[in-house]
Amino acid sequence: KTKTDTQSELPFRFGSNMSSPLRVLLFLLSVLFVECARQNPWHTTVTSWLGRWTHEDQAIDGRTIRLRASELGGKFASTSLSPFIAINATKLPPNPTPQQLSVLSSTTVQARISGVVASVKIAQVYQNNYEVPIEAVYVFPASTRAAVNALQMTIGGHIVVAKIEDRDEARRIYEKAKSEGKSASLLEQERPNVLVMNVANIPPHDSIKIELFYTEMLVPTNSQYDFIYPAVVGPRYTGEGGALTTSGPYVGSAETLPWSLSLTINAGMELQSMGSSTHAVTTNLINNRTTAVVSLSTSAALAAHGKDFSFKYTLSGGQILTGFMAYQNDLDFPDVSVAPLVPMTVRGITHLVALPAGRGTNFFLGLVQPPVPSTPGLSPAPREFLIVLDVSGSMSGLPLATAKKATQQLLQQMREGVDTFNILQFAGGSGVLSPTPLAATAANIAKGLEYTHAQSGGGGTNMLDALRRAVALPRSSVSGSARITVVLTDGFVTVEKEVFQLVRDNLHRSSFWCMSIGENPNRYLTEGMAAVGRGTEFWVPDAASADAAVSKLVKTVSFPVMTNVAVSFNGFNAVNVVPSHLPDLLLERPVVVFGQYTGALAGTMTISGTLASGAAWSSTVDIAAAANTIPPAAASALPQLWASSRLSELRYTATVDEAKALALPIALKYSLLSEYTSFIAVAFETVPRTTPTPTTLAPTTAAATTAPATTAANSTTPANITATTPPASATPPVTTVAWNATNTTAEAEVEVSSDSAGQSMSLGAVTSMGTSTMGNGGSLRPDAILVFWTCGVALTTLLALFSR
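As the structure is a computational prediction, the values presented were derived from the model and not from experiment.

What counts and what doesn't
- Residues numbered from 1 in each chain as written.
- Predicted model: local features only at pLDDT ≥ 70, side-chain atom pairs only at ≥ 80, totals over all residues.
- Heavy atoms only, no water.
- Helix = DSSP H or I, 4+ residues; strand = E, 2+ residues; numbered from the N terminus.
- Buried < 20%, exposed > 50% of the residue type's maximum accessible area, 1.4 Å probe, protein only.
- Contact = heavy atoms within 4.5 Å.
- Patch = residues over 30% accessible without salt bridge, like charges linked within 9 Å, V, L, I, M, F, W, Y side chains within 5 Å.
- Areas by Shrake-Rupley, 256 points an atom, 1.4 Å probe, with all protein chains shown as cover.
- Salt bridge = Lys/Arg side-chain N within 4 Å of Asp/Glu carboxyl O.
- Pairing = 2+ DSSP bridges.
- Axes fitted to C-alpha atoms, helices over the stretch in contact; angles between N-to-C directions.
- Right-handed = clockwise from strand over helix to strand, strands pointing away.
- 1 Å grid on protein atoms, 1.4 Å probe; cavity = no way out; pocket = protein on both sides within 12 Å on 5 of 7 lines; lining within 4 Å.
- Points joined across faces, edges and corners; volume = space filled by probe spheres on them.
- Nonpolar A, V, L, I, M, F, W, Y, C, P; charged D, E, K, R; others polar.
- Core = buried A, V, L, I, M, F, W, Y, C linked by side-chain atoms within 4.5 Å.
- Phe/Tyr/Trp six-rings, centres within 6.5 Å; stacked < 30°, edge-to-face > 60°.
- pLDDT = per-residue confidence, 0-100.
- Parallel < 35°, antiparallel > 145°, perpendicular 65-115°, else oblique.
- Polar contact = N/O pair within 3.5 Å; in protein donor to acceptor, adjacent residues only side chain to side chain.

As a further point, take the overall build of the protein. A tally of helices and strands in the protein yields 16 helices and 36 strands. Relative to its full complement of 804 residues, the protein shows a buried share of 57%. A separation of at least 24 residues holds for 77% of the contacts in the protein among residues at least 6 apart in sequence.

In C-alpha cells form, the structure reads like this:
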C-alpha cells in the first residue's frame, strides 16, 4: 500500500506530525529501558525514576550516603560480592567527591604463626574528608575459627583500649557517645564469619585507626597446614518463608577494599613446601628454613579479584606438631561455672565444672596423631548417597560448573551393584532425579549425569525446604545401607541456625557432609552443618579441585580414620574438656583436646578408638615429659582458644536460649567477641563539629604496634604480634603503606543516591551496601525487570508506528 493508504487505516496520523528529534528521543528511551532490563547497570538517572522498584531503601534524606558499585563483566563476572561501607552524617555535600567517599583508606593485616597458633592484628584506618564529623559502618569477613579478643582505637595520638560488654549494653554506650559528639568504635558480630565495625564522629579532615586482635588454631589435614584470611562477604538469600530479598550487610560490589598482608611462620622445625594458590606472594625463608616471612601487597590482593587468601605449608618429612602445651595463669578468672563441682548434663549439653577459687585457672592443649589408615582388601558397607545440589542464582557460572564437576566425580566413584544414589536440586523450589534411590548401574549413573548437566543457576535459595524434602525421601532398600547426605552449596543464606537444628533433629536418618563451592563460600553454614551432622566439610574453590575433594570424601565416608574416639586422664586433674564428646576422626588430622586443669603437670592422657580396619588403637602421652613439646610461644592464647572452642560447641549443639545463657558469661569472662558480646571504645573529648582549615593526610607507613595494655579482664592478650624482623643478612619484610583512593587500579561506576548523576571512582576505594530486592545473581526485583521490558517494548512499538 502507499504511505497515504496506510495512514488512512490508522485511528491517528502519527507520522505526519512527528519531528525527527522526538523520534530520536523515543528511540533512545526504548534502548535505555530495554538495556536496563537486560543488564541492570544501576545508573542513577534510572533509579531516580523507578527507585521504588529497584531499591527498597533508595531514598536518601541527606543524612546517609549508601554506595553501590555497578556490576562488572569480563574478568570480574565470577566473583562474589564484597564488604561495604556506609557513611552517616547530619549534613553531607550534595556532590561528594571520590576522595570524600574513600572513608576506609587502608587495611593492613599482620599475622604470626607460632607452632599451631596464629595471632592476627587487623589495622583499619578511617579517614574523614568532609567538613563535618561522620560515622562509618563497615561490614567485613572473618574466619569462623577466629577468637577476637581485643580492640583498640587511636585518635589524635591517644590510644583507647576497648572493653567487652553485653551486646545491647555496648550498643547503648555507643549510641550515647555518638549523640554526645564523642568519637567511639563498636565491633559487633553479625555472624561468626561476618563482623561489623561502627566508627562514630570521625573528626573533619582527620582519621581514626582501629586495631582488632584475634587468635586461631591451625589443625593440619593430610600433614598440610592452611592459613586462611577471608576477603569477601558473600550475599545472603533471605527469602525463605517470605519475599525474595537480600538485605543490609550482604550487598556490595564485585571487589574488595584495598588491603595488604604480612605473615610470619615460626614453625619450630624445618619447612618443606609452601605457597599460595590464591594470591601472588613474596616468601623469604630464614633461620635454617624454620621461619618464613610472607608478604602480600595491596596491588596483588586486588589482582586476585576478591578471593579469600590461603597460604598452605608442610613441615619436613610430612611431620605435624603433636604433643602437649600448658598455660599456667597466676590470676584467677572470675568464676562463672555451674555448681555443683561435678559434670552436669542438661539435654546433652555438658555444663562447666567450677574450679577452686584463688589458685588461678590453668589451661592445656593436647594433640595426638593416629596412624594413617591401612585399608587394603577392606570392603565398606553399602552406601546410599543423597546429593543435594544448590542451583540458585548465586551459584550461576563457575560455582555451578564446579558443583557439577564434583557431582560427576561422586557418581563415577560409586560401586556398581552395591551403592545407591539420588539427586535433589534446589533453588526457589526443588526437584529430584527419582522418587526412590537408584542402584548405581551404568545406565542410572548416566541418567544422573544427564540430570545434573541439565541444571542451570537461577532463582532463590530455599535451603530449609530442600533439606526437609531430602530427609523425608524414602531410604534405600539395600540391607545395611547407611544414608550419606552430601550438600553442595556456596551457603549464601541467612538460616544457618535453622539448618543446624534441622540436621540435629535428623541424625537418626542420615549423616551430613558438605562441599563448600566457590572461592569464598559461607563456611559458617557448611562447617557447622558438617559438624552437627557427624560429617566433614570440603572446600572446592574451583573445578580443578573437584577431583581431589570428591576422592577424599568417598575415601573418608568409606573408611573413617578412627571411630569411637575417647580421651581419658590418669593422675592429671583435667576438667571442662572441649569437645565434650570427641567426634569420629574422619580425616587424616590429629585429635585436638582443650581443657582446664588444677594441680601439677603430671600423669598421662590417653586417646583411644577403633581404626578403619576394625582394630583397637590407643596412644598414651606422658604429660610431664610432653609438656610444651608444642612450641610454647603462643601458650598465652590458650584461655581464649579454649573459650572460643566452647562457644563453637554451644553454637552447634544448644538451642538459642540455652546457647545465650551458657555462652554470654564465657564470652564476658574471657573477653571474646560473640553474637552476645561486643567491643566498645569511647574517646573522652567531644569532636568539634567543623574544621575551618582542612588538612590532607598523606599515606603513612604502618609501624609495628603492640597489643592493648594488659588488664585483669584481658590478661592473656599477646604482648606483640607484629611480624618478626629477620636478621640483617636476610631480606627485610615488606613495609606496608596505607592506601588511598588514587592507589587502586580497578575502576567502576558508582551511584550516589543523593546526587542526580553517577560518578566514577576507584572500586577498591569504596564498595557499597543499600538494600537490594534480588538476592541471587542480580540487583532488580522481577517486577522492576518486567516494568523495564514493558516500557522498552511499548516505546519500540510506538517508534515503529511513527516510522511508517
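This next bit is on a nonpolar patch on the surface. Taken together, Val24, Phe27 and Leu28 make up a surface patch of nonpolar side chains, about 290 Å² in accessible area. Residue position: Leu28 is located in helix α2 (residues 20–39).

A word on the sheet that holds strand β17 (residues 309–315). The strands making up a sheet are joined through hydrogen bonds of the backbone, oriented either antiparallel or parallel. Pairing within the open sheet is antiparallel, and its three strands lie in the order β12-β17-β14. Edge strands, defined here as strands with exactly one partner in the open sheet, are β12 (224–229) and β14 (271–275). Strand after strand, the sheet turns through a mean of 20° between neighbouring axes, direction not considered. Bridge count for β12 against β17 is six bridges, and the pairing is antiparallel. Across the sheet, Asp226 pairs through a bridge with Lys312, a residue of β17.

Our focus in this paragraph is the pairing of strand β28 (residues 537–540). Here β28 shows a buried face lined by Glu537 and Trp539 and a second buried face lined by Phe538 and Val540. Here strand β27 (residues 511–517) runs beside β28; their pairing, made up of four bridges, is parallel. From the neighbouring strand, Ile517 faces β28, where its bridge partner is Val540. The handedness of the β27 to β28 crossover, carried by helix α11 (residues 523–532), is right-handed.

Turning our eyes to something else, we now look at empty space enclosed by the protein. Summed over all chains, the structure comprises eight cavities of 30 Å³ or more. Put simply, the parts of the chain that give the lining of the largest cavity at least two residues each are β6 (147–155), α14 (638–653) and α15 (656–669). No other element matches α14, which puts five residues into the lining of the largest cavity. When its residues are assigned to classes, the lining of the largest cavity shows 13 nonpolar, six polar and two charged.

The tendency in soluble globular proteins is for nonpolar side chains to be buried as a group. Residues Tyr126, Leu187, Met197 and Phe227 are the most contacted members of the largest nonpolar core, which totals 96 residues. When sequence neighbours within four positions are dropped, the list of residues in contact with Met197 reads Gln124, Tyr126, Ala136, Val137, Tyr138, Phe140, Leu151, Leu186, Leu187, Ile210 and Leu212. Core analysis: the next-biggest nonpolar cluster, separate from the first, contains 36 residues, Leu400, Met414, Leu433 and Ala546 among them.

All right, on to the packing of aromatic side chains then. Tallied over the entire structure, the rule returns 15 aromatic pairs. When the centroid spacing of 5.8 Å and the interplanar angle of 45° are considered together, the rings of Phe569 and Phe572 count as tilted. The exposure class of Phe569 is partly exposed, given its relative accessible area of 25%. Accessibility expressed as a relative area gives 6% for Phe572, which makes it buried.

For Asn444, the position within the fold is in helix α8 (residues 442–453). When its relative accessible area of 19% is taken as the criterion, Asn444 is described as buried. When sequence neighbours within four positions are dropped, the list of residues in contact with Asn444 reads Phe421, Leu438 and Ala439.

Summed over all chains, the structure comprises 23 salt bridges. The partner of Glu384 in a salt bridge is Arg483, with the nearest N and O atoms 2.9 Å apart. Of the two residues, Glu384 is situated in strand β22 (residues 383–390) and Arg483 in strand β26 (residues 482–489); the sequence distance between them amounts to 99 residues. By the burial criterion, Glu384 is buried, and Arg483 matches it.

Our next topic: the environment of Ala659. Tracing the backbone shows Ala659 in helix α15. In this structure the C-alpha to C-alpha distance between Ala659 and Glu649, which are ten residues apart in sequence, comes to 9.4 Å.

The strand order across the open sheet formed by eight strands is β7-β6-β11-β4-β3-β13-β16-β15, and the pairing between neighbours is mixed. The sheet is open, and its two borders are formed by β7 (158–161) and β15 (282–286), each paired with just one other strand. Between one strand axis and the next, the sheet turns by 15° as a mean value, whatever way the strands run. Pairing geometry for strand β3 (residues 104–114) and strand β4 (residues 117–128), over ten bridges, is antiparallel. Directly across from Gln110, in β4, lies its bridge partner Lys121. Most of the contacts of α14 go to strand β11 (residues 206–217), to which it runs at about 80°, and overall it touches β4, β6 and β11.

Next up on the list: the confidence of the model for the protein. Residue-level pLDDT values for the protein average 73, and 67% of them are 70 or greater. Contacts for the low-pLDDT stretch residues 240–255, under 50 throughout, to residues beyond four places or in other chains number 75 contacts.

Attention now goes to the packing of α14 against α15. If you want to describe how two helices pack, look at the angle between their axes and the distance between the axes. One can describe the packing of α14 onto α15 by two numbers: an axis separation of 10 Å at closest approach and a directional angle of 170°. By the angle between their axes, α14 is roughly antiparallel relative to α15. Of the residues in α15, those in contact with Ala643, Arg646, Leu647 and Leu650 of α14 are Ala659, Leu662, Ala663, Ile666 and Ala667.

Tracing the sequence through the fold places Ser183 in strand β9 (residues 182–191). Side-chain polar atoms of Ser183 contact the backbone oxygen of Asn201, separated by 2.7 Å.

Another point: unusual backbone geometry. For the peptide bond that leads from Val578 to Pro579, omega is 5°, which places it in the cis range. Residue position: Pro579 is located in the loop between β30 (573–578) and β31 (591–598). Although it is not a glycine, Asn201 adopts a positive phi angle of roughly 55°. Inspection of the secondary structure puts Asn201 in strand β10 (residues 194–202). Overall, the relative accessible area of 7% leaves Asn201 in the buried class. Notably, Asn288 is not glycine yet its phi reads approximately 55°, a positive angle.

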